[in-house]
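# Inside the fold
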Amino acid sequence: MTSAWSRRTFLASSAALTASGGAALTLPASAAAPSVSAAAGPYDALRTTWTALILGEGFSPTAEPFRSRLADLGTKARSLLGTMAPADGSLWPDAVFADPDPDTDAESYVFSGRMADSFVRLGTMAQAYRRQGTGLTGSTALRDAVLAGLEHLNSQVYSAGRTRYGNWYSWQIGAPQALLDVCVLMYDSIAADRLARYCAAVDHFVPDSAVASYTGTSTGANRVDLCRVLALRGVVGGTAAKIARARDALSPVFPLVTTGDGLYADGSFIQHTTVPYTGSYGSVMLGGLGMLFALLKGSSWEVTDPKRQVVFDAVENAWAPFLFNGLVMDAVAGRAISRGESDDHRRGHPILASIVLLGQGASAAENTRWRSLVKGWAQRDHYSPPLGNPSLGITAPARIKNVLDDTSLTPVPEPDGHRLFPDMARSTHRRPGWAASLSMADRRITYYETGNGENLRGWHTGSGMLSWWGDTFANGQYSDAFWPTVDPYRLPGTTASRKVLADGAGGDWGASLPDVNWVGGVTDRKRAAVGQYLKGLSSTLMAKKSWFFLDDSVVCLGAGIRSRDGALVETTVDNRNLGPAGNAPFTVDGSAEPLTVPWSATLTGASWAHLAGHGGYVFPGGATVKALRENRTGRWRDINTGGSTEPVSRNYLTLWFDHGKDPSAGTYAYQLLPGASEQRTAARAADTGWLRVLANTDAQQGVAVPSLGLTAVNFWFGGSVGPLVADAPCSVMVTEHTDGTATVCVSDPMRMRTSLTLTWNRAVASVVSKPATVTSVATGASLRLVLGDLSGTRGATQAIKVRLP
């Protein structure tokens, strides 16, 4: 498994060198090496291309934001030059890599990470030497220091015949990627015998056998990283077979998978077998593929595998659904949410830049559309504009700026609709003005991932966490020190036991999986009914949770909530981050509550509540909920052993249902109205006929919204709810349209139904269309559908269109 260094240090500390895992562009003409034609030598041409990808082009080194970033790069390089002090076991005094007890424990991970980071530092210096505007361009002292540093590390630690210790990633990806990048940048200054020794070191630690089988640490993003090492090893050493090996070893990454790591047909992306990782490892894979496609394009090693179209298709099928106004949703970022140097916006921006680069190898139509998508995302990111993201270095902002300056592009607006990802227990919902994501867990998808001391308190992020953002408001809700300051037992949307959990409870690397099958739902791509059979992490908690994603709201139901932990159980309606000193007004049934901090209250018989600048909450029939306004202080170190020890404080407004200690049959019901005004929230609460809760029990949960022509039911067990009857567990959503037709959507979230009979007690004239899974239909006074084997549908929605009398 990868370490904290593998993604945190090498994707953050070395952002300038790799542009956040491959988010690099091309080279400013003033800093480029002399142009080399392919005829002059294929390896010369490839080195020129890679130099361009590392250093970037198409920007002025005297214009912002590039001028100040180049100056900062020079400052960093000057500091590294001044503090470099080669000694036994280190190249810098603060980066000792000699391990007194070499093995694979946590201490050894740190030492191996420092070894790799030493190469990254040399890369920073090499960039300052090659780039214009750093104040060190062409400095012979800097050049000589980089060359001396390479020799020192080769003689001390990274050479053929040595035994690795600590983290495999440091030796096979972190160090060799940085080493080979430096070799490309300084190629003309490195003697041939030295290059041969450096290549021999890479061959030793990253032999061809590293990509011999698509298993273990050689899958997904890691496989792409390994291929980058092999390709650059071939470029630097002039070895055609290495480049060919790298190209061919990419092929297993392309096909859609049905288990384990990779891209799935429904748009899911999994890494580490059980972890949704579109926004972290997926970003690395996307960026790495973009760079390798660009490197080899036009050469005799060009990537021509037709299955690479799967990756192109995934731009809009897998990545775009989790991008909103420049950010990438935390629900698919795994351990990365605990890293203080990044946030959802800073993780999203490299993906934008990578999409632009990948587009250069796609069709003209795809390239234009993707650039238009990126322009829209970048323009709308008012909270954290991409060009101001310091972690992007120089090349990625140059690429994004090129898109922003392209007047031929019309920004693509955010889509309107729902996407359900059964293969990773996630969903996203978008409506004009806001977006939401839902994070769940089942026997295939872990509660959360911890590892290398990261994300120590992410325990309940898979317990039905419902995150949401506004388009022009609350765009930094989870960006502004949310994770170190939020109460980890009160994540929005979750039902959780207050049983005290140890840091890292459940085990590392997504090892802990709930023993449940019913997680998923149905969607017509506009609305959705989603459910989660929840079993608590390291607790006896059990609950049935349903979400009905509608046009202006999300209806949330909970039932069968029980536990025997001897602890309180709570369902958090919402937990809004108000910022360092935020005091957004909070109103309940028209009465303003105090702005003092701290403040708490039990709201008895509340029918609605409103938080200014955020949205509204409606409690059908009235409910007793608790409210708390508080200031919370935490440290990134609390949730990540590599994080800052500086305390950070944020104000929160929290609403929750208190189910009491060891509940036996707890329930809840509420509507979330993102962005709603106080008046609209009150009006929705007053319109008691707008929503009908048809069922909210341990057996079924369902709603009807007459004005939308919608009836939706999650059948945890077969039964009858409103006009719908099912003979087995399933999820159903029926929508009557104004054109005299209706759509019946049904799915088998459990993935085990070999037959299902569904009856809609509504007159139906005929069936217009149906999937092959429907084996029998009967129309007339009611609609009776018999579906055959659904176990192979992977929880996907089966849509049947009918005509009404």
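For the structure, check the block above.
Before going into details, it helps to say that this report is about the structure given with it.

Analysis parameters
Residues numbered from 1 in each chain as written. Predicted model: local features only at pLDDT ≥ 70, side-chain atom pairs only at ≥ 80, totals over all residues. Heavy atoms only, no water. Core = buried A, V, L, I, M, F, W, Y, C linked by side-chain atoms within 4.5 Å. Buried < 20%, exposed > 50% of the residue type's maximum accessible area, 1.4 Å probe, protein only. Helix = DSSP H or I, 4+ residues; strand = E, 2+ residues; numbered from the N terminus. Contact = heavy atoms within 4.5 Å. Polar contact = N/O pair within 3.5 Å; in protein donor to acceptor, adjacent residues only side chain to side chain. Salt bridge = Lys/Arg side-chain N within 4 Å of Asp/Glu carboxyl O. Pairing = 2+ DSSP bridges. Axes fitted to C-alpha atoms, helices over the stretch in contact; angles between N-to-C directions.

Nonpolar side chains in soluble globular proteins generally cluster together in the buried interior. Grouped together as the largest cluster of nonpolar side chains are 191 residues, with contacts concentrated most on Met125, Tyr158, Phe586, Phe619 and Leu655. The biggest single contributor to this core is helix α7 (residues 168-185), with twelve residues. Every residue in contact with Met125, bar those within four places of it in the chain, is listed here: Ala77, Leu80, Leu81, Met84, Trp92, Leu142, Ala145 and Val146. Listed in part, the 25 residues of the second largest apolar core include Ala695, Cys730, Leu756 and Leu787.

Turning next to the side chain of Asp181. Among the secondary structure elements, Asp181 is positioned in helix α7. By relative accessible area, which is 0% here, Asp181 ends up buried. At a separation of 2.8 Å, a polar atom in the side chain of Asp181 contacts the side chain of Trp50.

Take the pattern of salt bridges next. In the structure shown here, the tally under the stated rule is 41 salt bridges. Linking Arg228 and Asp181 is a salt bridge whose minimum nitrogen-to-oxygen distance equals 2.7 Å. Taken together, the residues span a long stretch of sequence, with Arg228 in helix α9 (residues 220-237) and Asp181 in helix α7 at a distance of 47 residues. Asp423 is paired through a salt bridge with Arg751; the nearest N and O atoms lie 3.0 Å apart. Taken together, the residues span a long stretch of sequence, with Asp423 in the loop between β6 (417-421) and β7 (426-431) and Arg751 in the loop between β28 (741-747) and β29 (756-760) at a distance of 328 residues. The buried category is assigned to Asp423, whose relative accessible area is 5%. Via salt bridges that share partners, Asp203, Asp208, Arg233 and Lys242 belong to a single interconnected network.

What follows concerns the sheet that holds strand β24 (residues 710-715). Taken in spatial order, the seven strands of this open sheet run β22-β23-β24-β27-β28-β33-β30, and their pairing is antiparallel. What marks the edges here is a single partner per strand, and that holds for β22 (692-696) and β30 (766-769). Adjacent strand axes in the sheet meet at a mean angle of 15° when their direction is disregarded. Alignment of strand β27 (residues 730-736) against β28, held across six bridges, turns out to be antiparallel. Across the sheet, Met733 pairs through a bridge with Cys745, a residue of β28.

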